[in-house]
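# Results of the structural survey
In case you want the letters, here they are:
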Amino acid sequence: MIRAILIFNNHGKPRLSKFYEHYTEDTEQQIIRETFHLVSKRDENVCNFLEGGMLIGGSDYKLIYRHYATLYFVFCVDSSESELGILDLIQVFVETLDKCFENVCELDLIFHVDKVHNILAEMVMGGMVLETNMNEIIMQVDAQNKMEKSEVSRACVCFLCVGLDWSCCMQYAGMCVCCTLHATLSLSLSFSLSLCMCALLLGILLLLPLPLLLFLPSFLPSCCCCCCSPHGPGHYTSTYFFLFPPHC
Amino acid sequence: MALKIVKGSIDRMFDKNLQDLVRGIRNHKEDEAKYISTCIDEIKQELKQDNIAVKANAVCKLTYLQMLGYDVSWAAFNIVEVMSSSKFTYKRIGYLAASQCFHESTDVIMLTTNQIRKDLSSPNQYDTGVALTGLSCFVTPDLARDLANDIMTLMSHTKPYIRKKAVLIMYKVFLKYPESLRPAFPRLKEKLEDPDPGVQSAAVNVICELARRNPKNYLSLAPLFFKLMTSSTNNWVLIKIIKLFGALTPLEPRLGKKLIEPLTNLIHSTSAMSLLYECVNTVIAVLISLSSGMPNHSASIQLCVQKLRILIEDSDQNLKYLGLLAMSKILKTHPKSVQSHKDLILQCLDDKDESIRLRALDLLYGMVSKKNLMEIVKKLMLHVDKAEGTTYRDELLTKIIDICSQSNYQYITNFEWYISILVELTRLEGTRHGHLIASQMLDVAIRVKAIRIFAVAQMATLLDNAHLLTGNMQRNGICEVLYAAAWICGEFSEHLENPMQTLEAMLRPKVATLPGHIQAVYVQNAAKLFSTVLKSQEGSTEGTAAQETSQLMIDRLPLFVQSANLEVQERASCILQLVKYIQKLQQKEVEVAEEVSALFAGELNPVAPKAQKKVPVPEGLDLDAWINEPPSESESEDEQPKAIFAKEEPKHSRSRHTEVDEKELARRREARKQEQANNPFYIKASPSSQKVYQESPGVEHIPVVQIDLTVPLKVPGLPMSDQYLKLEEERRQKERADKKKKEKKKRKEKRSGRGRRHDSGPESEEDITPAHMVDIVTEEMPENALPSDDDDKDPNDPHKALDIDLDNLVESAGRRPLADSEKLPVRSHRAAKVAKSPVEDGDAENTPPSQEPKKKSSKEKREKKKDKDRDRKKSKEEKKKKKHKHEEKEEDLLGGEADEPVVQSEDTTEVVALPTSTNAEVSDLDFWLSNAPVPSNTQEAATVAATAEADSVPEATSGTAPDSDHDEPKNSELEETKSSKHKKKKQKKEKEEKEKKKKKKHHHHHRHHSDGGADESVQNGTVEDEEPLPPMSNYCLLAENSYIKMVCDIQGNLQDGSQVVVSVIFENKCDSLLKSMEFNVLDSLNSKLQRPEGSGPHDGFTVPFQLPPGVSNEARLVFTVQSIVMPQKMKGTLTFIVKNEDSSIHEKLDFKLHFTCTSYLITTPCYSDAFAKLLESGDLKCSSVRLEEVNMPFHHLLARICFHHHFSVVERIDSCASMYSRSIQGHHVCLLVKTSGQTVSIDAKCDEPTLLGNVLDEIKQTFSQC
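Residues numbered from 1 in each chain as written. Chains lettered and ligands numbered in written order. Predicted model: local features only at pLDDT ≥ 70, side-chain atom pairs only at ≥ 80, totals over all residues. Heavy atoms only, no water.

- An unreviewed UniProt entry annotates chain A as AP complex mu/sigma subunit domain-containing protein originating from Gouania willdenowi.

In structure tokens, the structure reads:
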């Protein structure tokens, strides 16, 4: 059984922590800290196994870690796991991350810890190894991400109810009231229409003078269009959506 | 309203998402906590909104904050809300958050039950997957109980993705809700043979985890695992299985014998280091379990050690570490073989890697001998000096003490050396193990009488220099040593050279800074010293000296009287009053020394820490009952203050009458033997200790090393143990020189006569005479102390609850009817029982109710063990009979079985129930094991194994389906009958082969099933009989000549979609030895023989065995096939050498290997719901075939299809049945078989029409043949 999986950087900052046994938050932090102290003072070319002592679990438990660039991947396992096997598993994990993030680096883990969790969940479940085949893992992760995306595109794309669930959007007979865009319509076809509607409606609603409206884009943080956003609603990447309709 | 929503969505645009939060935290490095607290406020606002997207976003951020150590349990309810979102995106966020911060005491968890149940049954596999993943992290006993049923249903989900998750989570469910183990186990076992490797691996994982804790319950699965081990290619699975075998072999040494060969093969063939290592590890376990009985395995142990040495010498640190780890396993049983690698281990001690050093230290424990102890400890002491980290240094310290004190100081020849080592160790700064050193000092000083003079001198020095130890408050761990020092100086003060000085040292004001319990000992022992000093001073002329001493005490003790520590205070004031009284007497010039020392007279004996606990409570004694009613007012208990060391306590009660006491007690013991022996309040010294004390009242009688130098009293802090090493060396040299001169006799005399000199022994290990005798070895324990097995068992271990006997269940899987008819336990396993009962009540008395599984089944087991041998003999007899008279078989069985002592169900039909299936299972295992091969004959063993396994397979798979038409309860007995017959048939077969009885068989069918997933719905019996089926076999003749006969069976490989395994049985028909057999086929474009690495495409496969006359053996060949839709034939040749006594001839035999489409099918259980879905899906093509004039019962027909064509029955209604099979490449083949009169129509659906056509043709052919 795997008791815990920790990822932290060279300074001991946790990047991911997954405990398969309940500890209080304080204990978890302490475990991370102490594990970091144990691991960080070891040379590069020593063995990857550490007896964690009473830190986690006791004498039956071992820390098995690997150090990649700025990150330590530490697995705390008991004697039922094969030491070299776990080392391989860490390798698989890192390679999977690499494939999913395309040249993974610490920043990916920092900003997308939820995704890392999702990937990990396909490998290890409740402390037991679920899958070791990288292709299978990636396949499942991709399938889930695709599903997530499809859900996003079903949401109304109009500016006013951006990112809202269809059900939350003001709608009548399948039409969004504010942008008259039908949920099932292809986005590209009616996008410009919806934009105009949105802009108009927004102008009226906010009682803004039209000139100001033209400058509005510069105030807006980004495109509200969900399909432009690779990360789903709430993640805006491109700007100037009024004047230069984005590449939907 | 509209405005509100619009406003909400605009707000939302400016909400932070996870990325913004992370960015923000990174930008606020200096006031991170403040920033996060504002963020948490924002999150709280967001959570108040109705919009689920906003909530999910907030929960996502909370999950991140949780990782940073913030408590987010206040948001538990919101997390549940997000979990119940209909959208996967949010659901996933919710479940992730829940898995990170929910635990058993989270109260909202009980709200989730229904939501999780809904998600588990969601049509979207990822909803289910996410729910399972989440649940695995926060499953509680309640959830486990409520959801066990749903999860069990998921174990046979159509999607392997769900199946594997459901299987894996079952382990967690078992842990939380052990009652679910029995009902779920059959299905779990079934999953071991799931066509999907992921599911299989998950099942192996779960069972290994279960078996690791309670291996004995899973011993019966050994054949199955053995098969998996030989067939699996997944290293993860292999490693798990091999580890499991490592745990099983100690329970069943015969298993070990079976394992050695395949493991060795794996070791040679695998390139994965992890697998290799685990194999070596298990081989070690096997060898250890084998060699405990017989010594001749020490050679193989030696071999293992050699291999490990190679690992340890490897430059890869990981391997080095693992090598040492494995070595320590050997060390436990075979210390001798490891000892020869002392050099290597010592070398590892110098490794820069701490983990490796620690492992090496572990090994050192077993390497010491009398000869090298000093040397090794010296080396360790050097390491202590240069150890950088405290952890490692502490580890070294404990190791040194462990090594020296092991088996009662067995290896210590010179205790003065040991004391000096201990004193040196006190120099360690900041160690946590001061108490360890202290207890060693006490132990040695008390138990080794001869060393006391030396020890006391050393301790006095230590006390004198106490400031060195306590100077730094940081080092307070080590001041525990002063406890021992003070006590030793006080207790053995008669040996002190200068008691006055020590007394002064003990009464220094600085002592008051020490911890309370040490001060208490100081005070108490100061009193003891005082009495000694008085004695010496009164003996001398001056009376004033004594008075001065008293004055000193009176001056210094008030310091302790003011101590905050109660015990110190109490003792100090008590002793102060005493001293004052003494002073008064002294002033009257009364001689008091004698009386004062009487206060502390008598010996203190060591008592084992658990001695008291171990005395059994005599019958009829209620320890809780009052002896006298408690007095009304709460009397202050006159209990001793809590002392750290048990020996401390008797001090006060000691009187000078110890001797008398002991005698008295002895007399009393004589008088009332039984009661006294059991008296828990009396811990007596055993006779031997008494003897020791009586015989040697003085130190003179105890051998002491004569040291030339006077013992230097050095300040602790300077190394001085080295001198002993030198001394030892000198002594040995001297011995060597003396050796020749000395006669044996003298030496003997010296040793037995407690010679003071030790220069007389030769160098051999045993003859190094210890300088001191360790008294008291075993007498610390009271007589009739209870065995201490349960001492180290953790009562809270959750795995204890899982210690459930599963043997009965394993079998009940076999008797399980069609899947849909089995009702899964709803909320409790009782429901499951009810559902099963129609099948089981026939032998209800044999299947104990799950409430009391353990008791009954263990009883059964015991019975079985008794009858095992008899059973087997009987079955053999029967077999012989069976062979000759087919018709009489029923009667035979009746007669044979009737006197079987196992409980049987009475039956009125002509079929009599055979021994219970549990019995069959156990004896199966027994049979499987009893055929352990001689090392050279593994292949045979594999065959045997496979055969035996085949037995258990039908129970696990749905192979018994054809019998399901009998709805009456008697059916279960019938099935049992059949399954037992199976076994016998198989045994018979073995025997046949071995005895080379070439009886002409009508269907030359071999009941060999060498591969998994098969098919057996086969029964033997007469065709005329309504019930039993004719014998069937998939082994068909491949080729035959006057020398050799080959029969083969072709099976798809479960693991690999492009492989088929051909099991060929070679039977030697002539009287000569057949050897150098080479099996070669001409590869076609589509099919290729997998040849060993490194051989060319035209090389043959060398059969790895030879065949003596009359022997048959099985080889397995793996073929890779590209397309499986068409049958095909391959030509091949077997070449071999026939060797007679005088000549040898080269012979060859051509054959044609026919790969039918059937052989690409794998029996796969399918449940009717899944089956229905499959048919509905509509992507299957249809085809049908009619069979005319089939005159056999319908269930025979089904059995034939099942057996020969690897189908399984999904459902059967009257004269209509649906069947299912799956090809190795995942094509589904569904059949609907209908019969009316002699016409059978088969409607078939498959996603590959060509395959279907061919399969149907083959089915047709099968029936046209018979």
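## Digging into the overall build of chain B
- Broken down by element type, chain B carries 49 helices and 15 strands.
- Element-wise, carbon and sulfur atoms account for 52% of the exposed surface of chain B, whose accessible area totals about 54600 Å². (Helix = DSSP H or I, 4+ residues; strand = E, 2+ residues; numbered from the N terminus. Areas by Shrake-Rupley, 256 points an atom, 1.4 Å probe, with all protein chains shown as cover.)

## So, the overall build of chain A
- Across its full length, chain A carries 7 helices and 9 strands.
- The buried share among the 248 residues of chain A stands at 56%.
- Counting only contacts in chain A whose residues sit at least 6 apart along the sequence, the fraction spanning at least 24 positions is 45%.
- Carbon and sulfur atoms make up 60% of the accessible area of chain A, which amounts to about 10600 Å² in all. (Buried < 20%, exposed > 50% of the residue type's maximum accessible area, 1.4 Å probe, protein only. Contact = heavy atoms within 4.5 Å.)

## Quick notes on the sheet that holds strand E5 (residues 1087-1089) of chain B
Residue and element names in this part refer to chain B.
- Judged by pairing direction, the sheet is antiparallel, and its 5 strands sit side by side in the order E1-E2-E3-E7-E5 without closing on themselves. Both outer strands of the open sheet, strand E1 (1036-1040) and E5, are each paired with one neighbouring strand and no more. Taking the axes of each pair of neighbouring strands and ignoring which way they run, one obtains an average angle of 30° across the sheet.
- For strand E2 (residues 1044-1052) and strand E3 (residues 1059-1068), the ladder comprises 9 bridges, and the chain directions are antiparallel. Its bridge partner being in E3, Val 1047 is matched across the sheet by Ile 1065. (Pairing = 2+ DSSP bridges. Axes fitted to C-alpha atoms, helices over the stretch in contact; angles between N-to-C directions.)

## Regarding helix H4 (residues 52-67) of chain B
Residues and elements named next belong to chain B.
- The end-to-end C-alpha distance of H4, which contains 16 residues, comes to 23 Å, matching closely the 22 Å that a straight helix rising 1.5 Å per residue would cover.
- Structurally, the start of H4 carries an N-cap: the backbone nitrogen of Ala 53 is 2.9 Å from a side-chain oxygen of Asn 51.
- Among the residues trailing H4, Gly 69 stands out with phi positive, at a value near 100°. (Expected span 1.5 Å × (residues − 1). Polar contact = N/O pair within 3.5 Å; in protein donor to acceptor, adjacent residues only side chain to side chain.)

## As for helix H12 (residues 197-213) of chain B
Residue and element names in this part refer to chain B.
- The end-to-end C-alpha distance of H12 is 25 Å, a good match for the 24 Å that 17 residues give at a rise of 1.5 Å each.
- Of all 17 residues in H12, 14 are buried; the element is thus mostly enclosed.
- Measuring from the backbone nitrogen of Gly 198 back to the side-chain oxygen at the start of H12 gives 2.8 Å, which picks out Asp 196 as the cap.

## Observations regarding the pairing of strand E15 (residues 1239-1246) of chain B
Residue and element names in this part refer to chain B.
- The element E15 is largely enclosed, with a buried count of 6 among its 8 residues.
- Strand direction decides the pairing type here: strand E11 (residues 1181-1187) and E15, joined by 7 bridges, are antiparallel. Residue pairing in the sheet places Cys 1182 in a bridge with Lys 1245 of E15.
- Here strand E14 (residues 1228-1236) pairs with E15 via 8 bridges, running antiparallel. Pairing of Val 1233 across the sheet is with Ile 1242, part of E15.
- In textbook terms, the turn of a hairpin is the stretch between consecutive antiparallel strands, and for E14 and E15 this stretch comprises 2 residues, one of which, Gly 1237, has a positive phi near 65°.

## Points about the packing of aromatic side chains
- Throughout the structure, instances matching the rule amount to 20 aromatic pairs over all chains.
- Where Phe8(A) meets Tyr72(A), the ring centres are 5.8 Å apart and the plane angle is 45°; that geometry is what we call tilted. Taken as a pair, Phe8(A) in strand E1 (residues 2-9) and Tyr72(A) in strand E5 (residues 71-77) lie far apart in primary sequence, 64 residues in all. Summarising the burial analysis for this pair, Phe8(A) and Tyr72(A) share the class buried.
- Relative to Tyr72(A), the ring of Tyr65(A) lies with its centre 6.3 Å away and its plane at 50°, an arrangement referred to as tilted. Tyr72(A) carries the same exposure label as Tyr65(A), and that label is buried.
- Members of the aromatic cluster, connected to one another through ring pairs, are Phe8(A), Phe36(A), Tyr65(A) and Tyr72(A).
- Sitting over the face of the ring of Trp74(B), Lys44(B) holds its NZ or CZ atom 4.9 Å from the ring centroid. (Phe/Tyr/Trp six-rings, centres within 6.5 Å; stacked < 30°, edge-to-face > 60°. Lys NZ or Arg CZ within 6 Å of the ring centre and 35° of its normal.)

## Digging into the confidence of the model for chain B
Residue and element names in this part refer to chain B.
- Residues with a pLDDT of 70 or more make up 65% of chain B, whose mean pLDDT is 70.
- Within the model, pLDDT remains below 50 along residues 878-883, and this stretch shows 18 contacts once partners closer than five positions in the same chain are excluded.
- A low-confidence stretch, residues 932-981 (pLDDT under 50), is modelled with 139 contacts involving residues beyond four sequence positions or located in other chains. (pLDDT = per-residue confidence, 0-100.)

## With respect to the interface of chain A and chain B
- Facing 78 residues of chain A, the contacting portion of chain B comprises 77 residues.
- Here chain A meets chain B over a buried area of about 6900 Å², counting both sides, of which 57% is carbon and sulfur.
- Summed over the shared surface of chain A and chain B, the result is 9 salt bridges.
- Asp353(B) serves as the salt-bridge partner of Arg42(A), at 2.7 Å between the closest nitrogen and oxygen.
- For the pair chain A and chain B, the interface holds 34 residue pairs in polar contact (both at pLDDT 80 or more).
- Here the element with the most residues in the side of chain A that touches chain B is helix H5 (residues 134-154) of chain A; it accounts for 8 residues.
- Its residues assigned to classes, the side of chain A that touches chain B shows 37 nonpolar, 20 polar and 21 charged. (Buried area = accessible area lost by both parts, 1.4 Å probe. Salt bridge = Lys/Arg side-chain N within 4 Å of Asp/Glu carboxyl O. Nonpolar A, V, L, I, M, F, W, Y, C, P; charged D, E, K, R; others polar.)

## Remarks on the environment of Ala485(B)
- Along the chain, the position of Ala485(B) falls in helix H28 (residues 480-491).
- In this structure Ala485(B) touches Met459(B), Leu462(B) and Leu463(B), once residues within four positions along its chain are discounted.

## What to know about the sheet that holds strand E4 (residues 62-68) of chain A
Residues and elements named next belong to chain A.
- Read across the open sheet, the 5 strands follow the order E2-E1-E5-E4-E3; overall the sheet is antiparallel. A strand with exactly one partner marks an edge of an open sheet, and here the two such strands are strand E2 (14-19) and strand E3 (49-50).
- Of the strand pairs in this sheet, E3 and E4 are connected by 2 bridges, and their pairing is antiparallel. The residue bridging Phe 49 from the neighbouring strand is Ile 64, located in E4.
- Each of E1, E3, E4 and E5 is contacted by helix H2 (residues 83-101), which is oriented at about 35° to E4, the strand it contacts most.

## Thoughts on the state of the cysteines
Residues and elements named next belong to chain B.
- For the coordinates displayed, the defined rule picks out 0 disulfides over all chains.
- The thiol of Cys 1157 is unpaired, and the distance to the nearest cysteine sulfur, on Cys 1246, comes to 9.7 Å.
- The class for Cys 1157 is buried, based on a relative accessible area of 0%. (Disulfide = S-S within 2.5 Å.)

## A word on the packing of H4(B) against helix H5 (residues 76-83) of chain B
Residue and element names in this part refer to chain B.
- Viewed as axis vectors pointing N to C, H4 and H5 meet at an angle of 125°, and their least axial separation amounts to 10 Å. What the angle tells us is that H4 and H5 run oblique. As H4 runs across H5, the sense of the crossing is left-handed. Every residue of H5 that contacts H4 at Ile 52, Lys 55, Ala 56 and Val 59 is listed here: Asn 78, Ile 79, Glu 81 and Val 82.
- Looking at the contact of H4 with H5 residue by residue, the class counts come to 5 nonpolar, 1 polar and 2 charged. (Parallel < 35°, antiparallel > 145°, perpendicular 65-115°, else oblique. Left-handed = near helix turned anticlockwise from the far one by under 90°.)

## What about the packing of H4(B) against helix H6 (residues 88-101) of chain B?
Residue and element names in this part refer to chain B.
- As a packed pair, H4 and H6 sit with axes 9 Å apart at the nearest point and diverge in direction by 30°. For the element pair H4 / H6, the angle class is roughly parallel. Crossing hand, H4 versus H6: left-handed. Across from Ile 52, Ala 53, Ala 56, Val 59, Cys 60, Thr 63 and Gln 66 in H4, the residues of H6 making contact are Tyr 90, Ile 93, Leu 96, Ala 97, Gln 100 and Cys 101.

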